[in-house]
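Close look at the chain arrangement
Chain by chain, the residues:
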Number of protein chains: 2
Amino acid sequence: MKISQRSQLLKGILEGCILSIIKMQPTYGYEVSMKLQEFGLSDVSEGSIYPILLRLQKEKLIIGEMKKSDTGPKRKYYQLTTEGEIQLTEFIHQWELLKQPVDKIIEKGVHYNKNK
Amino acid sequence: MKISQRSQLLKGILEGCILSIIKMQPTYGYEVSMKLQEFGLSDVSEGSIYPILLRLQKEKLIIGEMKKSDTGPKRKYYQLTTEGEIQLTEFIHQWELLKQPVDKIIEKGVHYNKNK
DNA sequence: ATAGCTACCTTGCGATGCAAAGTAGCTTAT
DNA sequence: ATAAGCTACTTTGCATCGCAAGGTAGCTAT
């Protein structure tokens, strides 16, 4: 998520959402998947999430730390780095830049329908 | 854009936008690229658009027809098929289903920032 | 005739989402 | 104790997508 900006955003929505979720509160992968469900992104599988977490970690946007759990196996808690915060801000900006045109385009298409 | 629903949507936003633009009015590829710019999707190249148009045509969501132009080479005007209308409606639905959670996730992340 | 615009098409790459399958710790029931 | 089921993390491999780059060709104006 460095060089190519918008184009990546088109497929990188999940990445930004995960950054935002981690920002709310340090979290581990399994909980991320449950939070995404709560928010309404119900069909995002762990096969998507964990690779993203690893990638984000490799890019130093988040850092992970293993912690014991009372109720199950150890968890890897992630939190944002400064660079991660910057990238999240950038993501939000790009998301707005994408959303507005798309909404406009859709609205105008639907509107045309009504005049028919 | 048949079997896999949401996952395709994540990368298929452009496809839906092009369907919507064609719905407004039968259009040819070059004009689609200019309309996308007008709407604010300024960095979408023809290298993205034409493959999509060909794909949509192959999937029978649009049909094309060559017409002479007064001001340049012939244009291939596309218009939606019935199936294309259905898919566009489906796209809009999926877009809403994507947008709302993402907005919520972003909002909550930003909100957390303020309480800091 | 040559430059520049209009208009279309193709190739090839990198990135992504995700199904699928695997590993392993912990808890509860049998 | 041992099987079942949940929690939690990881890897592999595939299909798809966006797009830069390059190519073709008609039309218009200089």
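Below or above, wherever it landed, is the structure these notes cover. (Residues numbered from 1 in each chain as written. Chains lettered and ligands numbered in written order. Predicted model: local features only at pLDDT ≥ 70, side-chain atom pairs only at ≥ 80, totals over all residues. Heavy atoms only, no water.)

Around DNA strand D there are 28 residues in total, and Y30, Y50, R75 and K76 of chain A together with K11 of chain B lie nearest to it. Of everything in DNA strand D that lies within 4 Å of the protein, sugar and phosphate atoms constitute 73%. A distance of 2.7 Å separates a phosphate oxygen of DNA strand D from a polar atom in the backbone of Y30 of chain A. Here a phosphate oxygen of DNA strand D and a side-chain polar atom of Y50 of chain A are 2.7 Å apart. Of all the secondary-structure elements, those providing two or more residues to the surface near DNA strand D are α1 (6-11), α3 (29-39), α4 (46-58) and β2 (75-80) of chain A together with α1 (6-11), α2 (13-24) and α4 (46-58) of chain B. Ranked by residue count, the leading element in the surface near DNA strand D is α4 of chain A, at 5 residues. (Near = heavy atom within 4 Å. Polar contact = N/O pair within 3.5 Å; in protein donor to acceptor, adjacent residues only side chain to side chain. Helix = DSSP H or I, 4+ residues; strand = E, 2+ residues; numbered from the N terminus.)

This part is about the packing of aromatic side chains. Residues and elements named next belong to chain A. Evaluation of the coordinates by the stated rule reveals 3 aromatic pairs over all chains. When the centroid spacing of 5.1 Å and the interplanar angle of 65° are considered together, the rings of Y28 and Y77 count as edge-to-face. Within this pair, whereas Y28 is found in the loop between α2 (13-24) and α3, its partner Y77 is found in strand β2, the two being separated by 49 residues in sequence. Grouping residues by exposure puts Y28 and Y77 together as buried. Sitting over the face of the ring of Y77, K67 holds its NZ or CZ atom 5.4 Å from the ring centroid. (Phe/Tyr/Trp six-rings, centres within 6.5 Å; stacked < 30°, edge-to-face > 60°. Buried < 20%, exposed > 50% of the residue type's maximum accessible area, 1.4 Å probe, protein only. Lys NZ or Arg CZ within 6 Å of the ring centre and 35° of its normal.)

Core analysis: the biggest nonpolar cluster contains 58 residues, and L36 of chain A together with L36 of chain B have the highest contact counts within it. Beyond its immediate stretch of four places on either side in the chain, L36 of chain A contacts L14, C17, I21, L41, S42, V44 and I49 of chain A together with I105 of chain B. (Core = buried A, V, L, I, M, F, W, Y, C linked by side-chain atoms within 4.5 Å. Contact = heavy atoms within 4.5 Å.)

All names here are of chain A. Considering the arrangement of structural elements, one finds Q94 in helix α5 (residues 82-114). The exposure class assigned to Q94 is buried, which follows from its relative accessible area of 11%. Linking Q94 and I13, residues 81 residues apart in sequence, is a C-alpha distance of 9.8 Å.

Here the focus is unusual backbone geometry. Residue and element names in this part refer to chain A. A positive phi angle, near 60°, is found at K60, a position not held by glycine. Structurally, K60 can be placed in the loop between α4 and β1 (62-67). Given the relative accessible area of 61%, K60 is considered exposed.

Attention now goes to a nonpolar patch on the surface. All names here are of chain A. A surface patch of nonpolar side chains, amounting to about 280 Å² of accessible area, comprises Y30, M34 and Y50. Examined against the element boundaries, M34 turns out to sit in helix α3. Residue M34 is classed as partly exposed on the basis of its relative accessible area of 35%. (Patch = residues over 30% accessible without salt bridge, like charges linked within 9 Å, V, L, I, M, F, W, Y side chains within 5 Å. Areas by Shrake-Rupley, 256 points an atom, 1.4 Å probe, with all protein chains shown as cover. Salt bridge = Lys/Arg side-chain N within 4 Å of Asp/Glu carboxyl O.)

Quick look at the interface of chain B and chain A now. Chain B puts 30 residues into the contact, and the matching count from chain A is 30 residues. Taking both partners together, chain B and chain A bury about 3,200 Å²; carbon and sulfur atoms supply 71% of that area. Where K99 of chain B meets D103 of chain A, a salt bridge forms, and the shortest distance between an N and an O atom there is 3.0 Å. In terms of residue count, helix α5 (residues 82-114) of chain B provides more of the side of chain B that touches chain A than any other element does, 16 residues in total. Considering only residue class, the side of chain B that touches chain A consists of 18 nonpolar, 4 polar and 8 charged. (Buried area = accessible area lost by both parts, 1.4 Å probe. Nonpolar A, V, L, I, M, F, W, Y, C, P; charged D, E, K, R; others polar.)

Right, let's talk about the environment of R75 of chain A for a bit. Residue and element names in this part refer to chain A. Tracing the chain through its elements places R75 in strand β2. Distance in space between the C-alpha atoms of R75 and T27 is 8.8 Å, their sequence separation being 48 residues. Discounting residues that sit within four places of it in the chain, R75 has contacts with Y28, E65, M66, K67 and S69. Polar side-chain contacts of R75 include one of 3.3 Å to the side chain of T71.

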